[in-house]
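# Fold and contact review
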Amino acid sequence: MLGLIASSSKSKSSKSLLSYSIAIQFPPLHSPSDSSQSSVKNLNPAKIADFGGNGGGFWRAQGLVGGVRNFSGEPVSRESLNYDVVIVGAGPAGLSAAIRLKQLCREKDVDLSVCVVEKGAEVGAHILSGNVFEPRALNDLLPNWKQEEAPIHVPVSSDKFWLLSKTRAFPCPSPFNNRGNYVISLSQLVRWLGLKAEELGVEIYPGFAASEILYDTTDKTKFNLETTDLFEILCDSAKEVIRKFNLREKGQGQHQTYALGIKEVWEVSADKHQAGSVLHTLGWPLDSRTYGGSFLYHMKDRQVAIGFVVALNYHNPFLNPYEEFQRFKHHPAISPLLEGGTVLEYGARTLNEGGYQSIPYPVFPGGAIIGCSAGFLNVPKIKGSHTAMKSGMLAAESVFRTLHEGSPLEAFWDSLKSSWIWKELHSARNYRPAFEYGLFPGLALSALEHYIMKGRSPWTMKHGKPDHEATGEAQLFRPIDYPKPDGVVSFDVPTSLYRSNTNHDHDQPAHLRLRDPKIPELVNLPVYAGPESRYCPARVYEYVADDSGHLKLQINAQNCLHCKACDIKDPKQNIKWTVPEGGGGPGYTIM
């Protein structure tokens, strides 16, 4: 199994700081005498960036990932690379942190080695977002981004907000204020940030999955965290860490709440395209008790991003977010834009919508949590990239002071609370929980917050039940009869999945695991009518009849989009999403 290991080693710097060592494991795929293995086994760390280059400036593990597992259990020699800072996840937060660290090194004439590991086959391959981009953090990080040809070209030209019934669209005042923002592809922006990071000396390794953090040094096959020493990890995927160190309770205290976002990018005819046009909707096809809505953004080159977001605290187990999206596209105010167009790409991911109430304490022994793992999404803005980037920058500054000056890493928490992130999320804190009472009470309460109180309410509303507990029993609801896709505006799951460029090596260990294999047949199917077959936007979970006619859960892990809805919404929290072998998953290019 390909693995990443962090272990204690002395830095070569004069301060003799402890640094991370990544051991890249390449077990023999063939016999030891096979000469084709020698180029991997004897990999020269100084040349690693030149091995298997993908032409984009990033080292890529394609061709190795998924095919180098060791089934014999025999010891395997590994090359190791030592770093002062390891960042898990080449997203907006992780790359912003890496860039800021290297900027500080140049400003202070300090040499710190920085490494970013990314589970996607390429930087940006797993990045999906709306995205109407607020450049506030980017202005601070790279002020000359326009001159440096960042892929940010389409300013918002119009900003509309509709309330939908089944047949009509009612214009409403737009609360988003997107003046000065841009319609972008976040996956493309992240690729550009990766290039900027490499120019500063950051080493980026796509195709490497940091599967878990270990708390001792006995297992050398995974990403290892020694809690008694000073290690600096900026961890962008940290559910386990939050739970182990009780960081939610140490922070704002409330559980996280999520939504599932499903997105397509279309190419439409030139006469229908209006670059920079932004539209959001609420209402149909969702019922009044289910929070969610749509977005429709006109990008460049006749491309249109259209998506649908459903809060995962919905009650009806028969609800299918993917089918709701397909039905939405047939609304008479939406379908004319899409007719005659072509879908270029499809994808899905979950969004952290807990906001201010759910921010965990971000510092744990040896590292810090940044970006979406901490949950900095501004729900009324429907934006989180700018706050994620700023969190990475603030963490980088705290880490630099820790390594260079010996100050405590806990200062990151203080700098976070004194930043504009905190002020912004505090003022937006009551929007999402307002919709616990339904669509129209939620609209009324959010209007009060936005137009009257302006985020200065003396109260802070609480979230309802955790998303998995909100799922009702099937006997309390009627099944939803979704129309069949027409192949023009709406599509079946296999067709959409093909457009996501999703791929997993067929013989790798399963990354979707059941804590109790009996629960699907004994609980989920009879009590909740098998909701995992509907909330997954990739048809990973299916109930199929065995030879005796009994329905059994079948897991099609190769379909997985890495949206992680199953890990969140399963009523009994029986499904554990784990990181698959590096390089697997979707291959987004314009999402």
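Below is a summary of the structure that appears in this document. All of these numbers come straight from a predicted model, not from anything done at the bench. (Residues numbered from 1 in each chain as written. Predicted model: local features only at pLDDT ≥ 70, side-chain atom pairs only at ≥ 80, totals over all residues. Heavy atoms only, no water.)

## Points about the pairing of strand β4 (residues 85–88)
- Burial along β4 is two-sided: the residues Val85 and Ile87 and Val86 and Val88 are all buried.
- Sheet topology note: the β4/strand β5 (residues 114–118) ladder contains four bridges and is parallel. Within the sheet, the bridge partner assigned to isoleucine 87 lies in β5 and is valine 116. (Buried < 20%, exposed > 50% of the residue type's maximum accessible area, 1.4 Å probe, protein only. Helix = DSSP H or I, 4+ residues; strand = E, 2+ residues; numbered from the N terminus. Pairing = 2+ DSSP bridges.)

## Examining the sheet that holds strand β15 (residues 258–267)
- With respect to topology, seven strands assemble into an open sheet ordered β9-β8-β16-β17-β18-β15-β19, the strand pairing being mixed. Because the sheet does not close on itself, it has two edges, and the strands there are β9 (169–172) and β19 (342–352). Neighbour-to-neighbour, the strand axes of this sheet turn through a mean angle of 20°, independent of strand direction.
- As defined by bridge partners, strand β8 (residues 158–164) adjoins strand β16 (residues 277–283) across seven bridges and the pair is classed as parallel. (Axes fitted to C-alpha atoms, helices over the stretch in contact; angles between N-to-C directions.)

## Details of the nonpolar core
- Residues Leu138, Ile152 and Leu193 are the most contacted members of the largest nonpolar core, which totals 68 residues.
- Per-element accounting of this core gives the leading share, nine residues, to helix α9 (residues 385–405).
- Leaving out residues up to four positions away in the same chain, isoleucine 152 has contacts with Phe133, Leu138, Trp145, Tyr182, Ile184 and Leu189.
- Core analysis: the second largest hydrophobic core is formed by 67 residues, Val265, Val268, Val309 and Leu497 among them. (Core = buried A, V, L, I, M, F, W, Y, C linked by side-chain atoms within 4.5 Å. Contact = heavy atoms within 4.5 Å.)

## Some thoughts on the pattern of salt bridges
- Applying the stated criterion across every chain yields a total of twelve salt bridges.
- Glutamate 397 serves as the salt-bridge partner of arginine 100, at 3.0 Å between the closest nitrogen and oxygen. Within this pair, whereas arginine 100 is found in helix α2 (residues 92–108), its partner glutamate 397 is found in helix α9, the two being separated by 297 residues in sequence.
- Beyond isolated ion pairs, a larger network of salt bridges with shared partners links Arg100, Glu107 and Glu397. (Salt bridge = Lys/Arg side-chain N within 4 Å of Asp/Glu carboxyl O.)

## Some points on the packing of aromatic side chains
- Throughout the structure, instances matching the rule amount to twelve aromatic pairs.
- Here tyrosine 361 and tryptophan 413 contribute two aromatic rings whose centre-to-centre distance is 5.4 Å and whose plane-to-plane angle is 65°, an arrangement assigned as edge-to-face. One end of the pair, tyrosine 361, is in the loop between β19 and β20 (363–364); the other, tryptophan 413, is in helix α10 (residues 411–417), and 52 residues separate them in sequence. Here the two residues tyrosine 361 and tryptophan 413 agree in accessibility, since each one is buried.
- When the centroid spacing of 5.4 Å and the interplanar angle of 90° are considered together, the rings of tryptophan 413 and tryptophan 422 count as edge-to-face. (Phe/Tyr/Trp six-rings, centres within 6.5 Å; stacked < 30°, edge-to-face > 60°.)

## Describing the sheet that holds strand β7 (residues 154–155)
- Read from one edge to the other, the open sheet built from three strands follows the order β6-β10-β7, with strand pairing classed as antiparallel. At either end of the open sheet lies a strand with only one pairing partner, and these are β6 (132–133) and β7.
- Taken together, the two bridges between β7 and strand β10 (residues 182–183) define a ladder with antiparallel strand orientation. By the bridge assignment, valine 154 is partnered in β10 with valine 183.

## What to know about α2
- Here α2 is 17 residues long and its end C-alpha atoms lie 24 Å apart, about the 24 Å a rise of 1.5 Å per residue gives.
- With 14 of 17 residues buried, α2 lies mostly within the body of the structure.
- Backbone geometry just after α2 places aspartate 109 at a positive phi near 55°. (Expected span 1.5 Å × (residues − 1).)

## Quick notes on the side chain of histidine 468
- Considering the arrangement of structural elements, one finds histidine 468 in the loop between α13 (439–453) and α14 (493–498).
- The buried category is assigned to histidine 468, whose relative accessible area is 18%.
- In contact with histidine 468, other than residues within four places in its own chain, are Ile568, Lys569, Asp570, Pro571 and Gln573.

## Side note on the pairing of β16
- For β16, the tally of buried residues reaches seven of seven residues, placing the bulk of the element in the interior.
- Here β16 shows a buried face lined by Ser277, Leu279, Thr281 and Gly283 and a second buried face lined by Val278, His280 and Leu282.
- The pairing of β16 with strand β17 (residues 292–298) spans five bridges and is classified as antiparallel. Directly across from valine 278, in β17, lies its bridge partner tyrosine 297.

## So, the environment of glutamate 324
- Considering the arrangement of structural elements, one finds glutamate 324 in helix α7 (residues 321–328).
- A relative accessible area of 2% places glutamate 324 in the buried class.
- Put simply, glutamate 324 and proline 483 are 159 residues apart on the chain and 10.0 Å apart in space, counted from C-alpha to C-alpha.
- Ignoring any residue separated from it by four or fewer positions in sequence, one finds glutamate 324 in contact with Pro285, Leu286, Phe308, Leu319, Ile480 and Tyr482.

## What about α9?
- An ideal rise of 1.5 Å per residue puts 30 Å on 21 residues; α9 measures up with 30 Å between its terminal C-alpha atoms.
- With its phi angle positive at about 85°, glycine 406 sits one or two positions after the end of α9.

## Re the environment of methionine 299
- For methionine 299, the position within the fold is in the loop between β17 and β18 (303–311).
- If near-sequence neighbours (up to four positions away) are discounted, methionine 299 is found in contact with Val154, Val183, Ile184, Ser185, Val265, His273, Ala275, Val304, Ala305 and Ile590.

## Describing unusual backbone geometry
- Across the junction of glycine 130 and asparagine 131, the peptide omega takes the value 5°, indicating a cis bond.
- Residue position: asparagine 131 is located in the loop between β5 and β6.
- Geometrically, the link from tryptophan 284 to proline 285 is a cis peptide bond, its omega value of 10° lying close to zero.
- One can find proline 285 in the loop between β16 and β17.
- Here the phi dihedral of aspartate 109 falls at roughly 55°; this positive angle occurs in a residue that is not glycine.
- Tracing the backbone shows aspartate 109 in the loop between α2 and β5.
- The backbone of asparagine 501 sits at a positive phi, close to 60°, despite the residue not being glycine.

## Observations regarding the environment of histidine 506
- For histidine 506, the location among the structural elements is in the loop between α14 and β22 (512–514).
- Histidine 506 gets classed as exposed once you look at its relative accessible area, which sits at 74%.
- With 51 residues separating them in the primary sequence, histidine 506 and alanine 557 have C-alpha atoms 8.9 Å apart.

## Some remarks on the packing of α2 against α9
- Look at α2 against α9: their axes get within 7 Å of each other, and the N-to-C directions meet at 40°. Looking at the two axes, α2 sits oblique to α9. In this structure, α2 crosses over α9, and the sense of that crossing is right-handed. The residues of α9 that touch α2, namely those facing Pro92, Ala93, Ser96, Ala97, Arg100, Leu101, Leu104, Cys105 and Lys108, are Ser385, Ala388, Met389, Ser391, Gly392, Met393, Ala396, Glu397, Val399 and Phe400.
- When grouped by side-chain class, the residues that make up the contact of α2 with α9 number twelve nonpolar, four polar and three charged. (Parallel < 35°, antiparallel > 145°, perpendicular 65-115°, else oblique. Left-handed = near helix turned anticlockwise from the far one by under 90°. Nonpolar A, V, L, I, M, F, W, Y, C, P; charged D, E, K, R; others polar.)

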